[in-house]
Amino acid sequence: NELFEIMKKTKGALVKLFQPDLFNWAALGNATNHMHLHVIPRYKTLRKFNGLEFKDVNWGKRYNSTAYEGAPNVSEETVQDIKKVIQRELA
């Protein structure tokens, strides 16, 4: 029950902040002895954050580990900014 509540809150925060068109969810554990989840918001159209443009170049295609090759490199500062807005929304 706790996992589903966390997933619901995470999805709600991402919807409010970035308006994804859908989500891919991946539950993995084959390379480690614990399961971990990936929450992958997907976008039909361009999104902007901190003056940067983000395009889901693989929209409509199956997600896999190479899905975002060629995605824009972002600075560690931008990664931390994204993390902070998500954490604030979850608080």
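As a reminder, the structure under discussion sits directly above these lines.
Residues numbered from 1 in each chain as written. Predicted model: local features only at pLDDT ≥ 70, side-chain atom pairs only at ≥ 80, totals over all residues. Heavy atoms only, no water.

## Focus on the overall build of the protein chain
Okay, so step 1: Helix and strand content of the protein chain: two helices and four strands.
Okay, so step 2: Counting from the amino terminus, helix and strand elements in the protein chain follow one another as α-β-β-β-β-α.
Okay, so step 3: Along the first, second and third principal axes, the C-alpha atoms of the protein chain reach 35 × 30 × 25 Å.
Okay, so step 4: Of the contacts formed within the protein chain by residues at least 6 apart in sequence, a portion of 39% connects residues at least 24 apart. (Helix = DSSP H or I, 4+ residues; strand = E, 2+ residues; numbered from the N terminus. Contact = heavy atoms within 4.5 Å.)

## Quick notes on the packing of aromatic side chains
Okay, so step 1: A complete count under the given rule lists two aromatic pairs for this structure.
Okay, so step 2: Ring centres of Phe 18 and Phe 49 lie 5.9 Å apart, and the angle between their planes is 65 degrees; this geometry places the pair in the edge-to-face category. Placement of the pair is Phe 18 in helix H1 (residues 2-18) and Phe 49 in strand S3 (residues 47-49), with a sequence separation of 31 residues.
Okay, so step 3: The class of Phe 18 is buried, set by a relative accessible area of 14%. (Phe/Tyr/Trp six-rings, centres within 6.5 Å; stacked < 30°, edge-to-face > 60°. Buried < 20%, exposed > 50% of the residue type's maximum accessible area, 1.4 Å probe, protein only.)

## Quick notes on a nonpolar patch on the surface
Okay, so step 1: Residues Leu 3, Phe 4, Met 35 and Leu 37 make up a contiguous nonpolar surface patch of roughly 400 Å² in combined accessible area.
Okay, so step 2: Within the secondary structure, Phe 4 sits in helix H1.
Okay, so step 3: With a relative accessible area of 59%, Phe 4 lands in the exposed category. (Patch = residues over 30% accessible without salt bridge, like charges linked within 9 Å, V, L, I, M, F, W, Y side chains within 5 Å. Areas by Shrake-Rupley, 256 points an atom, 1.4 Å probe, with all protein chains shown as cover. Salt bridge = Lys/Arg side-chain N within 4 Å of Asp/Glu carboxyl O.)

## Quick notes on H1
Okay, so step 1: Look at H1: 24 Å from first C-alpha to last across 17 residues, which is about the 24 Å you get at 1.5 Å a residue.
Okay, so step 2: The set of residues buried in H1 consists of Met 7, Thr 10, Ala 13, Leu 14 and Phe 18. Taken around the axis of H1, the buried residues stretch over an arc of 130 degrees, which confines them to a single face. With respect to the buried face of H1, the exposed residues turned more than 90 degrees away are Phe 4, Lys 8 and Lys 16.
Okay, so step 3: At its buried positions, H1 is contacted by strand S1 (22-28), strand S2 (36-42), S3 and helix H2 (76-90).
Okay, so step 4: Count one or two residues on from H1 and you reach Gln 19, which has phi positive near 50 degrees. (Expected span 1.5 Å × (residues − 1). Arc of directions from axis to C-beta.)

## Re the environment of Gly 29
Okay, so step 1: Mapped onto the secondary structure, Gly 29 falls in the loop between S1 and S2.
Okay, so step 2: Those residues in contact with Gly 29, other than ones at most four positions away along the chain, are His 34 and Met 35.

## With respect to the side chain of Thr 10
Okay, so step 1: The topology assignment puts Thr 10 in helix H1.
Okay, so step 2: Side-chain polar atoms of Thr 10 contact the backbone oxygen of Ile 6, separated by 2.8 Å.
Okay, so step 3: If sequence neighbours within four positions are ignored, Thr 10 has contacts with Val 39 and Leu 90. (Polar contact = N/O pair within 3.5 Å; in protein donor to acceptor, adjacent residues only side chain to side chain.)

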